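Examination of the molecular architecture
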There are 2 protein chains.
Amino acid sequence: FPWGCKMDQYDVIDKHTQTGLDLVERYIKFVKERTEIEQSYAKQLRNLTKKYAKRGSKEEQECKYSDHASFQDILNELNDYAGQRELIAENMMTGICVELTKYLQDIKQERKTHLSDAKKAQQNLESSFKHLESKRFAKEWAEAEKATQQAEKTESDLNATKLDVEKAKQHAHARTHTAEECRNDYAAQLQKYNKEQNLFYYTEIVQIFNNLQDMEERRIRRLAEGYCQFSDTERKVMPIISKCLEGISTAGSKTNEKQDSVLFIEQHKSGFERPSDVEFEDYTQGIKPASSDSSLNPPRVRTKLWPFSKKNKVNYPHCYSRAWANI
Amino acid sequence: FPWGCKMDQYDVIDKHTQTGLDLVERYIKFVKERTEIEQSYAKQLRNLTKKYAKRGSKEEQECKYSDHASFQDILNELNDYAGQRELIAENMMTGICVELTKYLQDIKQERKTHLSDAKKAQQNLESSFKHLESKRFAKEWAEAEKATQQAEKTESDLNATKLDVEKAKQHAHARTHTAEECRNDYAAQLQKYNKEQNLFYYTEIVQIFNNLQDMEERRIRRLAEGYCQFSDTERKVMPIISKCLEGISTAGSKTNEKQDSVLFIEQHKSGFERPSDVEFEDYTQGIKPASSDSSLNPPRVRTKLWPFSKKNKVNYPHCYSRAWANI
């Protein structure tokens, strides 16, 4: 069979295109694992924010202070941030993994078709070659030569009858006729075969190779798209992630320690005056000396300690409102 | 004791400043947990890139093709990306956790000092109050009155001797003198105490409260800095992360399917001609018919199948070099 290395050629194309599809499959798997990492990262960030978020009423009280409030803002921003990481994971999954998987199915099918077309064309050509009856022609021609030699031998045999000679000649003639018919058949088959061989090498296989090359080049372009999507998916949410980070900075710079001092004073100021001097208790001026200690406490100085108490709040001049000690 | 609610006041400041320190501690713990999440995220990304990176020589061969090479570039970029996430974690740890922990130790110590100063001042004042000898004065004055009444009673007693009367009068006089001395002591102590009370309310505690307020306001500002660092740390590496993402896009657009086709052709082209027509083998022209099949193969068409073979490479016109089928 003349093209003994043909199977090598198919093997090379088969292997090369298979390697291409394997890379697509590998890339899909890679992106899928990346989305799992993103999901787990986002989940951990969400759990972190949940863990530190305030919920109780005591804690809501604390959140009136700017340092507590800003921390809660930061947690909210980080929670949004986690949401963006989830979005990255989801968009990678649907935009890359799902789409490329669909594409991979299609191109696998297409490759199978091209390779099977090539196989079929090759088998047709092989089959035509097998039908070339050069062997039969050779065999018939040998028979004819043998019959001709036999006829010549019979003719020169002194013992042979004329009938024998005639019979041998007729036989030789018949065999030669058959051999010539075989030769004509073989010539016709050969012409047909060479036409097919030309079709195979100049049209069919060219077309199939072009198709496979086109398929392979499309696959590379499509995979390259998938590569770009890998970063585009993340770059698309970068402005929102930047906003989350800005939000955290804003929360950080929103704390106001002076205002927190005012709030603390507002919540706890007593409004009571500083105690006045303890007065002299002059037992010599007709005050009945007491037997118990109670009356020893000077009644006019029995006052809540300044500045803390929840009752009897008093408004103070503004200039004092920002200092714990000056309410 | 006149300032019965003083302990409430200390409790309020004590609790308020403790809540402030707790928030710093809580924030440090929060950032530490965030760094652990970043570290684990980075580690997972690194493992992912390692898993998909090519190392074998067969794989290096594949990497000459642009789609494989770009994938390796993407893995490298993602590995750099992971490095940036590690940097975020490290910078958060050293820039926020370590620094704030040091700061927290300092401010805890400072708070302890202020609160103990307040306690000491309070205890001093309490101690001065306890030394006010109004009880002794009352007791002495009662004794003196009793002695005076006793003297009067003795004087009007018809059975009393002159000596009894004189003794009682002397006793009453002595007690009254003692009581008056007590009164003078008490008056001096009271003057001293009122001076101390004034110092306590108008100077000492004002200073201590101002110190605590200042400490608290510094704490809030420092914590706010820590808040801003939380996003700044990440924002600082954002340009490099953006570069990694750009690098991935670049890798994606670097694939060149036409060049890959050329490379594939270069690596596998045979250089052999298409087989020519199978020639007619005319056994009638004195060719000895063969007994074996081997000589049936036309010798001139025994050729490696076009276009693949590793030997006998031939240079072809450039116009053909980009099509698999036209080498």
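Keep in mind it's a predicted model, so treat the numbers as computed, not measured. (Residues numbered from 1 in each chain as written. Chains lettered and ligands numbered in written order. Predicted model: local features only at pLDDT ≥ 70, side-chain atom pairs only at ≥ 80, totals over all residues. Heavy atoms only, no water.)

**Notes on the pattern of salt bridges**
Rules: A pair is scored as a salt bridge if a Lys or Arg side-chain nitrogen falls within 4 Å of a carboxyl oxygen belonging to Asp or Glu. Helix and strand labels come from DSSP, where a helix needs a run of H or I of at least four residues and a strand needs a run of E of at least two; each type is numbered from the N terminus.
Evaluated as defined, the whole model comprises 46 salt bridges over all chains. Residue Arg222(B) pairs with Glu225(B) through a salt bridge whose shortest N-O separation is 3.8 Å. With Arg222(B) and Glu225(B) both in helix H5 (residues 162-254) and three residues apart, this pair spans about one turn of that helix. Through salt bridges with shared partners, a single network forms among Arg34(A), Glu38(A), Arg85(A) and Glu234(A).

**A look at the interface of chain B and chain A**
It is common to report an interface's size as the accessible area lost on association of the parts. Cut-off, in case you're wondering: The criterion used for residue contact is that any of the two residues' heavy atoms lie within 4.5 Å. Buried area is a sum: the accessible area each of two parts loses on coming together, probed at 1.4 Å, counted once for each and added. Each polar contact in these results corresponds to two N or O atoms within 3.5 Å; when the atoms are within protein, one needs to be able to donate a hydrogen and the other to accept it, and residues that are neighboring in sequence are counted only if both atoms are side-chain atoms. Basically, the charged four are Asp, Glu, Lys and Arg, the nonpolar ten are Ala, Val, Leu, Ile, Met, Phe, Trp, Tyr, Cys and Pro, and anything else, Gly included, counts as polar.
On the chain A side, the residues contacting the 121 residues of chain B number 121 residues. Here chain B meets chain A over a buried area of about 11100 Å², counting both sides, of which 67% is carbon and sulfur. Seen at the junction of chain B and chain A, the total is eight salt bridges. Where Glu33(A) meets Lys51(B), a salt bridge forms, and the shortest distance between an N and an O atom there is 2.8 Å. Counting across the interface, chain B meets chain A through 38 residue pairs in polar contact (both at pLDDT 80 or more). Broken down by element, the residue count for the side of chain B that touches chain A peaks at 39 residues, all from H5(B). Grouping the amino acids of the side of chain B that touches chain A by side-chain chemistry returns 60 nonpolar, 28 polar and 33 charged.

**Remarks on the side chain of Gln84(A)**
Residues and elements named next belong to chain A. Just so we agree on the cut-off: Residue exposure (1.4 Å probe, protein chains only): buried if accessible area is under 20% of the type maximum, exposed if over 50%, otherwise partly exposed.
Tracing the chain through its elements places Gln84 in helix H3 (residues 66-130). The class of Gln84 is buried, set by a relative accessible area of 13%. Excluding anything up to four places from it in sequence, Gln84 contacts Val237, Ile240 and Ile241.

**Brief notes about the environment of Phe230(A)**
Relative to the helices and strands, Phe230(A) is located in helix H5 (residues 162-254). For the pair formed by Phe230(A) and Val31(A), sequence separation is 199 residues and the distance between their alpha carbons is 7.8 Å.

**Considerations on the packing of aromatic side chains**
Defined as follows: In this scheme Phe, Tyr and Trp rings, the latter by its six-membered ring, pair at centre separations within 6.5 Å, and the angle between planes marks the pair as stacked below 30 degrees, edge-to-face above 60, and tilted otherwise. Charge-over-ring placement is defined geometrically: NZ (Lys) or CZ (Arg) within 6 Å of the ring centre, and within 35 degrees of the ring normal.
Inspection of every chain in the model, using the stated rule, returns 31 aromatic pairs over all chains. Here Phe129(A) and Tyr193(A) contribute two aromatic rings whose centre-to-centre distance is 5.5 Å and whose plane-to-plane angle is 65 degrees, an arrangement assigned as edge-to-face. Taken as a pair, Phe129(A) in helix H3 and Tyr193(A) in helix H5 lie far apart in primary sequence, 64 residues in all. Note on Phe129(A): relative accessible area 17%, which makes it buried. Here the aromatic rings of Phe137(B) and Tyr186(B) are separated by 5.8 Å at their centres, their planes lie at 25 degrees, and the arrangement is stacked. Of this pair, Phe137(B) sits in helix H4 (residues 134-155) while Tyr186(B) sits in helix H5, placing them 49 residues apart in sequence. Here Phe137(B) falls in the buried class, since its relative accessible area comes to 0%. The class for Tyr186(B) is buried, based on a relative accessible area of 2%. Among the aromatic side chains, those forming a connected cluster through ring pairs are Tyr27(A), Phe30(A), Tyr227(A), Phe230(A), Tyr52(B) and Phe71(B). In this arrangement the basic side chain of Arg222(A) is found over the ring face of Tyr103(A), its NZ or CZ atom lying 5.6 Å from the centre.

**Re the confidence of the model for chain A**
All names here are of chain A. Note the following rule: The predictor attaches a confidence to each residue, and that confidence, scored 0 to 100, is pLDDT.
Overall, the prediction assigns chain A a mean pLDDT of 83, with 82% of residues at 70 or greater. Looking at the elements of chain A, mean pLDDT is at its lowest for helix H2 (residues 57-62), recorded as 70, and at its highest for H3, recorded as 95. Every residue in residues 1-7 is under pLDDT 50, and counting partners more than four places away or in other chains gives 23 contacts. In the model, residues 288-320 has pLDDT below 50 throughout and makes 87 contacts with residues more than four positions away in sequence or in other chains.

**Looking at the relation of the copies chain B and chain A**
Note the following rule: Copy-to-copy superposition: least squares on the C-alpha atoms, limited to residues that have pLDDT of at least 70 in both copies.
Take chain B, turn it by 180 degrees, move it 0.1 Å along the axis, and it overlays chain A with an RMSD of 0.2 Å. With respect to symmetry, the two chain copies, as superposed, fit the operation of a two-fold axis. When C-alpha positions in chain B are compared against the rotation axis, the closest is assigned to Tyr41(B), at 3.1 Å. Mapped onto chain A, 100% of the interface residues of chain B are again interface residues, and the two copies thus contact each other with one and the same surface.

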